[in-house]
Amino acid sequence: MAWANITVLGVGGLLLTIPIILHFLMRPKPKLLPFPAIRFLKERQQTTRSRMRVRHFLLLLLRCLLIGLLALALAGPSVASQEFGNWISLGGIGFSALIVGIMLLAALWMTHHRNWLLISILGVLLLGHIIYGGWSAAKLLGSDSVQLIGDSQAPVAALVVIDTSPRMTYTYENKTRLERAKAMGEWLLGQLPADSEVCVLATDNDQPFFSVDVSAANKRLATLDVAYASGFIPETLNKGIKLLEKARHERKEIYILSDLTARSWTTENANATFELMKKNEGINAFVIDLGVPDAQNFLLGTPQLSSETITKSSGLRLSSELVRIGSAAQRTVRMRIEKPNKSLPRILDGKTIVPDKFWEFKKTIDVRKDRAAVFEFQFNESLDPGIYHGIIEVVGKDGLTVDNKRYFTVNVAESFQTEIIHPDDVNPAVVEAAIMPNRDLSPEASMFTCSVVRQREMNNNFDKYDSVFFLDPKPLAASTWKALENYVTGGGGVAIFLGHNAMKDSFADPSFLSENATRVLGGSLTHPWRREDRKLFFSPDNFSHPIFEEFRAIETSIPWHEHPIFLHWGIELDDQSEKMPTQTLLRYGNGEPAIIERQIGDGRIIVVTTPFTEPVYSKERPKVWNELMRGNAWPNWLLLVEIGKYLVKNDDETLNVWVGQTANLRNVWGVHPEIYRVYTPQTGKIPSELPAPGNHVRYKFTDTPGQYRLKGKVLEEIVLRGFSANLRNEDTNLTRIEPNYLDGVLGHGRYQLATEQAEIQRQQGTTRRGQEFYPLLIIMMVVVLGVEHLVSNRFYRAAG
């Protein structure tokens with residue numbers, strides 16, 4: 001137990017002698033008075049004397065107790081354990097109840113002159129003590145918290161956790177939450193006792209350490225900045241608590257400065273934090289809430305590009321959404337695409353200079369309260385091949401500006417070279433028109449350049465093409481199957497549409513069942529499935545694959561049933577899924593695979609088990625296989641287009657990544673540099689060198705949203721490349737945690753929640769000095785004083 005003024009306790013002990021001395025000195029002395037019937041008076045005197053002794057003793061006890069309680073209160077006692085202090089408080093309540101009970105028994109003992117008003121008051125007081133004491137005991141028994149506390153000037157081991165997530169850049173009353181956190185942290189460090197151990201730890205995935213002194217901790221605090229790839233507070237706490245376990249000082253304190261947004265706290269490791277806090281019961285935790293309860297915000301969604309790689313005249317379509325948190329409002333959204341400049345980026349006066357000329361487009365968007373509005377930009381300029389960086393941004397003021405900008409990068413290439421191979425009895429016009437729709441009016445505006453070749457005239461030199469289409473092919477030689485596998489392994493894309501030419505005597509031709517063929521097709525063909533009642537058609541059960549991207553918004557209104565299928569191949573997929581992953585993208589209504597994808601090496605193969613080239617009728621065959629391209633065939637037409645785009649899509653390149661995600665670019669020897677200089681979005685940062693070993697270049701330090709620019713040379717020719725990094729939408733979600741969520745992370749009753757310095761000071765005083773008994777002692781004094789007053793007046797009145 002600690003005492004604020006121990007000398008007062010000694011003085012109080014001396015003062016206890018005063019009522020005792022006065023009691024004996026002021027005892028009335030007997031007077032000799034002549035009076036008859038002396039025997040009767042002597043008997044009455046003995047009875048009265050016994051009662052008066054009891055009354056005097058009770059009053060003496062109450063007055064001594066009153067002085068003792070006053071001395072105790074002024075001495076300022078406290079204990080180092082909150083739980084022990086609660087038990088002492090409960091004992092004080094019990095002791096007060098005992099005094100009231102003794103007074104009540106004494107009042108009841110007076111059989112001849114009972115004062116019922118006094119008895120009633122004492123009874124009510126006793127009942128109140130019992131009820132309050134019982135409630136306090138039940139509450140204490142139901143609590144399992146234990147906190148070590150003690151001398152307020154003793155050094156502590158302090159952990160100051162600062163939330164440095166992007167959400168902490170929210171500006172309110174001209175201050176960001178991070179600025180307020182740093183100011184509060186500086187004040188907290190100034191409140192720590194001398195010689196304290198201090199660790200300032202941010203949610204930037206850094207490792208915890210104790211600063212040399214408080215001054216060094218302040219310097220560490222001042223250098224903290226936003227961590228766009230921020231970690232979670234529970235995970236940060238886990239590292240910090242493990243450091244506190246090694247601290248020299250017994251008393252330990254944690255200060256968590258956060259805006260209490262759910263994104264900062266919600267993690268699978270929260271249970272580990274709960275267990276660490278449970279293990280270290282002596283830690284005092286303070287959570288300082290720096291958030292804004294009714295925050296309002298505009299948020300731009302992640303840009304959705306029609307493709308990361310476009311041709312020079314195919315155009316770019318960008319869609320996104322403007323999300324409003326708060327009341328309805330209107331904002332202008334602007335899209336800018338940089339005009340290329342071969343001389344940039346470069347360093348000038350220690351800063352990175354980037355292109356400052358743009359193609360610019362604007363839209364004004366109305367957003368309803370707590371809703372999102374979808375918008376789209378179309379860019380149709382004819383562009384030279386190369387990398388182009390762009391940005392979409394909200395124009396105007398906002399509390400959280402970090403999510404008002406989104407970045408994107410596209411690669412403009414020459415048109416993709418596609419070879420279409422067909423037998424003599426198959427007309428390729430439909431597929432050619434789908435892949436190259438403007439071939440007659442404007443060939444240079446098409447995304448693809450097609451070379452149409454008859455199967456009997458083809459060779460196996462596929463490497464000069466970006467993709468190859470086989471339309472209902474006749475049996476292929478083993479060398480062709482092997483050449484196709486090698487081509488796909490190197491990154492090529494192949495589509496094979498199977499039909500009647502793969503059949504021999506009602507079964508699959510042996511060439512389609514060879515080992516080389518099954519490795520390419522993803523399995524073995526069985527036999528054609530027949531259905532003539534016009535009730536079999538494509539039946540997609542999921543639109544997650546990229547070839548269905550254009551169908552997602554209208555998936556419930558696609559007229560698949562208008563295009564019946566009468567024949568299709570059955571296929572038994574092989575077990576090469578580990579080396580060559582295979583998946584069914586689309587099924588028929590009977591559950592059989594319609595479209596299959598097999599990945600081999602860096603490329604992919606799409607196998608369609610019914611052809612898209614069937615005529616309306618055939619003189620050579622009794623029955624066509626389907627009516628996919630008859631009538632209003634736009635779904636199947638679009639499906640062909642998307643298959644063509646997917647085959648040339650380069651998954652090896654990630655031109656648009658999340659903050660913290662590794663960017664990966666293909667690097668072709670002889671075409672691309674062997675080493676690059678990397679210019680990051682931090683314009684004051686010196687460019688770093690990035691080697692490109694092998695056929696890829698990877699960059700993992702994407703810790704800031706914006707554009708990353710790669711600059712190198714091949715044969716003295718400057719080569720510019722790059723990519724963009726964006727925050728995820730959830731990284732700026734300002735939704736706050738539920739009020740009781742912290743109980744599941746830190747433990748119920750294990751932390752103090754505060755918003756202002758005064759609250760922290762008050763709570764610090766309680767945890768450091770221990771549980772003080774001054775209020776309890778004063779209340780007990782009032783009770784004793786009241787009882788003393790009642791007893792002295794009522795007893796003597798009764799005696800009179």
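Asker: Pulling in residues and values, what's your account of the overall build of the chain?
Answerer: Across its full length, the chain holds 17 helices and 39 strands. Among the 800 residues that make up the chain, the fraction classed as buried is 49%. Contacts spanning at least 24 positions in sequence make up 75% of the contacts within the chain whose residues lie at least 6 apart.

Asker: So, the packing of helix α8 (residues 233-244) against helix α10 (residues 270-279): which residues are in play, and what are the values?
Answerer: Two elements in contact, α8 and α10, have axes separated by 8 Å at closest approach and are oriented at 30°. The angle between α8 and α10 places the two elements in the roughly parallel class. Here α8 and α10 pass one another in a crossing that is left-handed. In this structure, α8 uses Pro234, Leu237, Asn238, Ile241 and Lys242 to contact α10, whose residues at the interface are Ala270, Ala272, Thr273, Leu276 and Met277. Counted by class, the contact of α8 with α10 contains seven nonpolar, two polar and one charged residues.

Asker: Lay out the environment of Ala158 in plain terms, naming residues and giving numbers.
Answerer: Topologically, Ala158 is positioned in strand β3 (residues 157-162). Here the alpha-carbon distance between Ala158 and Phe210, two residues 52 residues apart in the chain, equals 9.0 Å. What Ala158 contacts, discounting residues up to four positions off in sequence, is Leu192, Glu197, Val198, Cys199, Phe210, Leu244 and Glu253.

Asker: Let's hear about α10: which residues, and what values?
Answerer: Within α10, burial applies to Ala270, Thr273, Leu276 and Met277. Projected down its long axis, α10 shows its buried positions confined to an angular sector of 115°, all on one face. Away from the buried face of α10 by more than 90 degrees, exposed residues Asn271, Lys278 and Lys279 are located. For α10, the elements touching its buried residues are α8, β7 (252-258), β8 (283-289) and α15 (741-746).

Asker: Which residues make up the sheet that holds strand β28 (residues 582-587), and what are the values?
Answerer: Reading across the sheet, the seven strands line up as β21-β20-β22-β23-β30-β29-β28 and stay open at both edges, with mixed pairing between neighbours. Looking at which strands have only one partner, the edges of the open sheet turn out to be β21 (448-454) and β28. Neighbour-to-neighbour, the strand axes of this sheet turn through a mean angle of 15°, independent of strand direction. Bridge analysis of strand β20 (residues 416-422) against strand β22 (residues 467-471) gives four bridges, and the strand direction is parallel. The residue of β22 that forms the bridge with Thr418 is Ser467. Across the sheet, helix α12 (residues 478-489) lies against β22, β23 (493-497), β29 (593-600) and β30 (603-608), angled at about 135° from β23, the strand it touches most.

Asker: Describe in detail the pattern of salt bridges, supporting the description with residues and values.
Answerer: Considering all chains together, one arrives at 24 salt bridges under this definition. Here Asp289 makes a salt bridge to Arg736, at a shortest N to O gap of 2.7 Å. Here Arg736 lies in the loop between β37 (717-726) and α15 and Asp289 lies in strand β8, a separation of 447 residues in the sequence. Across the pair Asp424 and Arg456 runs a salt bridge whose closest N-O atoms are separated by 2.7 Å. In this pair, Asp424 is assigned in the loop between β20 and α11 (429-435) and Arg456 in the loop between β21 and β22, connecting sequence segments 32 residues apart. The exposure class of Asp424 is partly exposed, given its relative accessible area of 44%.

Asker: I'd like a description of the nonpolar core, backed by residues and values.
Answerer: Membership of the largest hydrophobic core comes to 40 residues, with the highest contact counts inside it found for Phe469, Phe538, Ile595, Ile606, Phe612 and Leu639. Element by element, the count of residues in this core is highest for helix α14 (residues 634-648), at seven residues. Setting aside anything within four residues of it in sequence, one finds Ile606 in contact with Val494, Ala495, Ile496, Leu585, Ile595, Ile596, Glu597, Ile643, Tyr646 and Leu647. In terms of nonpolar packing, the next biggest core, distinct from the first, is built from 32 residues, Ala502, Phe512, Trp569 and Ile596 among them.

Asker: Account for the environment of Leu476, naming residues and giving values.
Answerer: Along the chain, the position of Leu476 falls in the loop between β22 and α12. Residue Leu476 is classed as buried on the basis of its relative accessible area of 6%. In the structure, Leu476 is positioned 21 residues away from Gln455 in sequence and 9.2 Å away in space, judged by C-alpha atoms. Those residues within four positions of Leu476 in sequence are excluded, and the remaining contacts are Gln455, Met458, Phe470, Trp481, Leu484 and Ser511.

Asker: Run through the sheet that holds strand β31 (residues 656-658), naming residues and quoting values.
Answerer: Within the open sheet, the five strands sit side by side as β31-β37-β36-β33-β34. Their pairing is mixed. Only two strands of the sheet have a single partner each, and these edge strands are β31 and β34 (688-691). Neighbour-to-neighbour, the strand axes of this sheet turn through a mean angle of 30°, independent of strand direction. Where β31 meets β37, three bridges bridge the pair, whose relative direction is parallel. Along β37, the bridge assignment pairs Trp658 with Asn726.

Asker: Could you give an account of a nonpolar patch on the surface, with specific residues and numbers?
Answerer: Taken together, Phe95, Leu98 and Ile102 make up a surface patch of nonpolar side chains, about 250 Å² in accessible area. Its location among the elements puts Leu98 in helix α4 (residues 82-109).

Asker: Would you mind going over the packing of aromatic side chains in detail, with residue names and values included?
Answerer: For the structure shown, the criterion picks out 22 aromatic pairs. With a centroid separation of 5.9 Å and 45° between ring planes, the pair formed by Phe416 and Phe448 is classed as tilted. Placement of Phe416 in strand β20 and of Phe448 in strand β21 is noted, with a sequence separation of 32 residues between them. Taking the centre distance of 5.8 Å and the plane angle of 25° together, the rings of Phe538 and Tyr588 count as stacked. Taken together, the residues span a long stretch of sequence, with Phe538 in the loop between β26 (523-530) and β27 (567-573) and Tyr588 in the loop between β28 and β29 at a distance of 50 residues. Just as Phe538 is buried, Tyr588 falls in that class too. Put simply, the rings of Phe469, Phe497, Phe538, Phe543, Phe548, Phe551, Trp560, Tyr588 and Phe612 pair up and form one aromatic cluster. Lying over the aromatic face of Tyr646, Arg604 brings its terminal NZ or CZ to 4.1 Å of the ring centre. A cation over a ring is seen here: Lys623 above Phe566, with NZ or CZ 4.2 Å from the ring centre.

Asker: Give a description of the side chain of Thr176 that names residues and reports values.
Answerer: Within the fold, Thr176 resides in strand β5 (residues 175-176). With residues up to four places along the chain from it excluded, the contact list for Thr176 reads Met168, Thr169, Tyr170 and Thr171.

Asker: Report on the pairing of strand β13 (residues 329-338), specifying residues and quantitative values.
Answerer: In this sheet, strand β16 (residues 358-367) lies alongside β13 in antiparallel orientation, the contact comprising ten bridges. Counterpart to Arg334 in the pairing with β16 is Lys362. Here six bridges tie β13 to strand β18 (residues 386-395), and the two strands are oriented antiparallel to one another. Directly across from Thr332, in β18, lies its bridge partner Val395.

Asker: Summarise helix α7 (residues 214-222); cite the residues concerned and give the values.
Answerer: Residues separated by three or four positions in an α-helix point in the same direction, a consequence of the helix having 3.6 residues per turn. Considered for burial, the residues of α7 that qualify are Ala217, Arg220 and Leu221. Buried residues of α7, seen end-on, are gathered within an arc of 100° and therefore sit on one face of the element. The exposed residues of α7 that point more than 90 degrees off its buried face are Lys219 and Ala222. Buried-residue contacts for α7 involve β3, α6 (177-191) and β6 (197-202).

Asker: I'd like a rundown of unusual backbone geometry, residues and numbers included.
Answerer: Of note, the amide linkage connecting Leu344 to Pro345 takes the cis form, showing an omega dihedral of 10°. For Pro345, the location among the structural elements is in the loop between β13 and β14 (346-348). Despite not being glycine, Glu173 has its phi angle at roughly 55°, a positive value. The residue Glu173 is located in the loop between β4 (171-172) and β5 in this model. Positioned with a positive phi, Asn174 is a non-glycine residue whose angle comes to about 65°. Positionally, Asn174 belongs in the loop between β4 and β5. Judged by its relative accessible area of 75%, Asn174 is exposed.

What counts and what doesn't
- Residues numbered from 1 in each chain as written.
- Predicted model: local features only at pLDDT ≥ 70, side-chain atom pairs only at ≥ 80, totals over all residues.
- Heavy atoms only, no water.
- Helix = DSSP H or I, 4+ residues; strand = E, 2+ residues; numbered from the N terminus.
- Buried < 20%, exposed > 50% of the residue type's maximum accessible area, 1.4 Å probe, protein only.
- Contact = heavy atoms within 4.5 Å.
- Axes fitted to C-alpha atoms, helices over the stretch in contact; angles between N-to-C directions.
- Parallel < 35°, antiparallel > 145°, perpendicular 65-115°, else oblique.
- Left-handed = near helix turned anticlockwise from the far one by under 90°.
- Nonpolar A, V, L, I, M, F, W, Y, C, P; charged D, E, K, R; others polar.
- Arc of directions from axis to C-beta.
- Pairing = 2+ DSSP bridges.
- Salt bridge = Lys/Arg side-chain N within 4 Å of Asp/Glu carboxyl O.
- Core = buried A, V, L, I, M, F, W, Y, C linked by side-chain atoms within 4.5 Å.
- Patch = residues over 30% accessible without salt bridge, like charges linked within 9 Å, V, L, I, M, F, W, Y side chains within 5 Å.
- Areas by Shrake-Rupley, 256 points an atom, 1.4 Å probe, with all protein chains shown as cover.
- Phe/Tyr/Trp six-rings, centres within 6.5 Å; stacked < 30°, edge-to-face > 60°.
- Lys NZ or Arg CZ within 6 Å of the ring centre and 35° of its normal.

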